Amino acid sequence: MNSDITSLASLAPAYPEIFLVLAALALLVAGVVLNKERSVVVTVGAIAALVVAGLLVIFQSPDGVLFNGVFISDSFSRYMKALIVGGSAFALVLSYSNATENGVHKFEYAVLVLTATLGMMTMVSANDLMSVYVGLELQSLSLYVVAAIKRDSVKATEAGLKYFVLGALSSGMLLYGASLVYGFTGHTNLQEIVLAIATEGRSIGLIFGIVFLLAGLAFKISAVPFHMWTPDVYEGAPTPVTAFFATAPKVAAMALLVRIVMDTFEPITRDWQQIIIFLSIASMVLAAFAAIGQRSIKRLIAYSSIGHVGFALVGLSSGTQVGVEGVAIYMAIYITMTVGLFACVLSVRTADGYVENIDEMAGLSRERPFVAAVMAILMFSLIGLPPLAGFFAKWHVFLAAIEAQLFVLAVIGVLASAVSAFYYLRVVKVMYFDEPVARFEAVPRELNVIMAITGFLMIAYYFTVGSPLASLAHTAAGSLL
């Protein structure tokens, strides 16, 4: 009996993942047994499961290495897992009141969100190239189905197919890169790869492996030039699904990228640093100019997310602990801004359905002043205007770049932010200065709550969560390095 308790206690670092597996299986059975029209029970159960998993991450997940070294729990993984679980939970809340209209009223949707979240958490704690791939595919396979879950929509089906085809290509590139890394180091364990590189040095085959590995991960974070799927999938998928795509998966992929380059390939920082700098500059510049001509709010958010990935990569480009802290802070603020932004988008609805064109938001400030005010605050924060949270996010990553003497990168980032102000401010102009074209319907209560929370955090970030978040990010980065 004591040995059973001891063996169970030894699994404590993986308690959140184990709980999510059990919860997903239980909710799958519950969804089959219950009437399919009562999928709200499964959705509420999934939200509760994510909350419990988040509490386990924070309070019951000690440091440790499990399963023959393929799984690791440390401060960095716990920090990122908390963001992932929070993003997934909020994505489910966003789908609660509009499930039928968006085609996510099926109980399978909530179960797939849980399995995708499980894959993301596995990615963040991966300590071996095999567990990296398993976590990545568990997330991807769930997201392929989620993207096309609105089966009677041609756009959603097309979005799912595009994401599947391009996702399969990126997985192939990642696998090829992993096989090259294994071939030239003789190891799949990330810690053993570090020792092999430090002992034997770099080789041209290893560099090729890193290039393919980073290309596969760049697809997952929508970094240019692997961004081509993002605008089409964001526009075609149901809006709550798009909200999910834009939050938790981005954090998971970014966390995995940070762990691999800063931990596994730390001895050859100079080699991967050039790739990250290129991805950062390309993402910031392309997003800044490509978003100018967009009329669809969801395509605008897609290019915005590409640009913000570029800004986060500015911090990673430094190759320092300060840079990792900047990335950690940036992702926390980014996920908060994105959740609030999608709450606003889902709140703008007319008798004809949800508004997807920016011009259709004309006069929103007159009929729904609260929604317009929160959206304006979020737009200003996305630009990076002080004293809003978005300013401090960019401050941390630019500071890391400057300390690493990457002055050109920092200047390009600032100029890209200036260009992006054009399309963010255009949304504010339409809401506040254009004549109304339609009457807007009432806003669901839970969306009002989310908008109030995110709007408040954007304004009061420095005086409320700024210092604790910076402290947590510092601890997370320290554990990784």
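These figures come from a predicted structure and were not determined experimentally.

Our focus in this paragraph is the overall build of the chain. From N to C terminus, the chain includes 22 helices and four strands. Taken over C-alpha atoms, the radius of gyration comes to 22 Å for the chain, in line with the 23 Å a tight globule of 481 residues would show. For the chain, the C-alpha atoms occupy an extent of roughly 70 × 60 × 45 Å along the three principal directions. Across the 481 residues of the chain, 60% fall into the buried class. Pairs at least 24 residues apart make up 82% of the contacts formed inside the chain by residues separated by at least 6 positions. Element-wise, carbon and sulfur atoms account for 68% of the exposed surface of the chain, whose accessible area totals about 18,300 Å².

On the surface, a cluster of negative charge is made up of Asp352, Glu356, Asp359 and Glu360. With respect to the element layout, Glu356 can be found in the loop between strand S4 (353-354) and helix H17 (364-367).

Turning next to the nonpolar core. Judged by nonpolar contacts, the single largest core of 168 residues is most densely connected at Phe245, Met254, Leu257, Phe265 and Leu313. No other element matches the 18 residues that helix H16 (residues 321-347) contributes to this core. When residues no more than four places from it in sequence are discounted, the contact partners of Phe265 are Val181, Ile193, Ile197, Leu206, Ile210, Leu213, Ile260 and Trp272.

As annotated by UniProt and renumbered to match this structure, "domain: NADH:quinone oxidoreductase/Mrp antiporter transmembrane" (unreviewed entry) occupies residues 126-419. Overall, residues 126-419 shows 78% helix and 1% strand. The separation of its end C-alpha atoms is 37 Å.

On to unusual backbone geometry. With an omega of 10°, the peptide bond between Val224 and Pro225 qualifies as cis. Here Pro225 is to be found in the loop between helix H10 (204-220) and helix H11 (229-236). The omega angle of the peptide bond from Pro386 to Pro387 is 5°, so this bond is cis rather than trans. Unusually for a residue other than glycine, Phe67 sits at a positive phi of about 55°. Positioned with a positive phi, Ser222 is a non-glycine residue whose angle comes to about 65°. Looking at the secondary structure, you find Ser222 in the loop between H10 and H11. For Ser222, a relative accessible area of 0% translates into the label buried.

Inspection of the entire model under this criterion finds ten salt bridges. Across the pair Asp74 and Arg259 runs a salt bridge, and its minimum N-O distance is 3.2 Å. Of this pair, Asp74 sits in the loop between strand S2 (71-73) and helix H4 (75-94) while Arg259 sits in helix H13 (residues 248-264); the two residues are 185 residues apart in sequence, bridging distant segments of the chain. Here Asp74 and Arg259 have matching classes, each one buried.

A separate point is the environment of Ala12. The residue Ala12 is located in the loop between helix H1 (2-9) and helix H2 (15-33) in this model. Not counting the four nearest positions on each side in its chain, Ala12 is found in contact with Gln60, Ser61 and Pro62.

Within the element layout of this structure, His227 appears in the loop between H10 and H11. In this structure His227 comes out as buried when scored by relative accessible area, which is 14%. The contacts of His227, once residues within four sequence positions are left out, are Ser222, Leu286 and Ile306.

This part takes up H10. In a regular helix each residue adds 1.5 Å, so 17 residues correspond to 24 Å; H10 covers 25 Å between its end C-alpha atoms and thus fits that length. The buried count for H10 comes to 13 of 17 residues, which makes it a mostly enclosed element. Within two residues after H10, Ser222 carries a phi angle of roughly 65°, on the positive side.

The next subject is the packing of helix H3 (residues 39-59) against helix H6 (residues 107-124). Axis angle and axis distance: for two packed helices, these are the angle between their axes and the distance between the axes, and together they describe the pair. Close contact between H3 and H6 brings their axes to 7 Å; oriented N to C, the two are set at 20°. As summarised for this structure, H3 and H6 are arranged roughly parallel, according to the angle between their axes. In terms of crossing hand, the pair formed by H3 and H6 is left-handed. Taken together, the residues of H6 that come into contact with H3 (itself represented by Ser39, Val42, Thr43, Ala46, Leu50 and Val57) are Phe107, Ala110, Val111, Leu114, Thr117 and Met121. Taken together, the residues of the contact of H3 with H6 sort by class into nine nonpolar, three polar and no charged.

What counts as what
- Counting starts from 1 at the beginning of each chain's written sequence and moves along it residue by residue.
- At least 70 in pLDDT is required for a residue's local features to be given in this predicted model, at least 80 for side-chain atom pairs to be given and counted, and no such filter applies to totals for whole chains, interfaces and linings, which use all residues.
- As a convention, hydrogens and water are excluded, and side-chain values are obtained from all of the structure's heavy atoms.
- Helix numbering and strand numbering both begin at the N terminus, where a helix is a DSSP run of H or I of at least 4 residues and a strand a DSSP run of E of at least 2.
- In this setup the radius of gyration rests on C-alpha atoms only. A globule is expected at 2.2 Å times the number of residues raised to 0.38.
- Residue burial is assigned from relative accessible area. The probe radius is 1.4 Å, only protein chains are included, and a residue is buried under 20% of its type maximum, exposed over 50%, and partly exposed in between.
- Only heavy atoms enter the contact rule, under which two residues are in contact if any of them lie within 4.5 Å.
- Note on areas: Shrake-Rupley, 1.4 Å probe, and residue coverage restricted to the protein chains presented here.
- Residues forming no salt bridge and having over 30% relative accessible area are the ones grouped into patches, like charges within 9 Å of each other and nonpolar side chains (Val, Leu, Ile, Met, Phe, Trp, Tyr) within 5 Å.
- In the sections that follow, a salt bridge refers to a side-chain nitrogen of Lys or Arg positioned within 4 Å of a carboxyl oxygen of Asp or Glu.
- The charge count includes Lys and Arg as positive and Asp and Glu as negative, but it does not include His or the ends of the chains.
- For this purpose, a charge sits on NZ of Lys, CZ of Arg, CG of Asp or CD of Glu.
- Throughout, nonpolar core names a set of buried Ala, Val, Leu, Ile, Met, Phe, Trp, Tyr and Cys residues whose side chains join them through atoms within 4.5 Å.
- UniProt positions are given in the numbering used here, feature names are shortened, and annotations may be inferred rather than shown by experiment.
- How far a helix is expected to stretch is found by multiplying one less than its residue total by 1.5 Å.
- A fitted line through C-alpha atoms serves as each axis, taken over the contacting stretch for helices, and the angle formed by two N-to-C directions is quoted from 0 to 180°.
- With respect to orientation, any angle under 35 degrees is reported as roughly parallel, any angle over 145 as roughly antiparallel, any angle of 65 to 115 as roughly perpendicular, and every other angle as oblique.
- Here a crossing is taken to be left-handed if its near helix is turned anticlockwise relative to the far helix by less than a right angle, and right-handed if that turn runs clockwise.
- Residue polarity is assigned by list, with Asp, Glu, Lys and Arg as charged and Ala, Val, Leu, Ile, Met, Phe, Trp, Tyr, Cys and Pro as nonpolar; anything else, Gly included, falls into the polar class.

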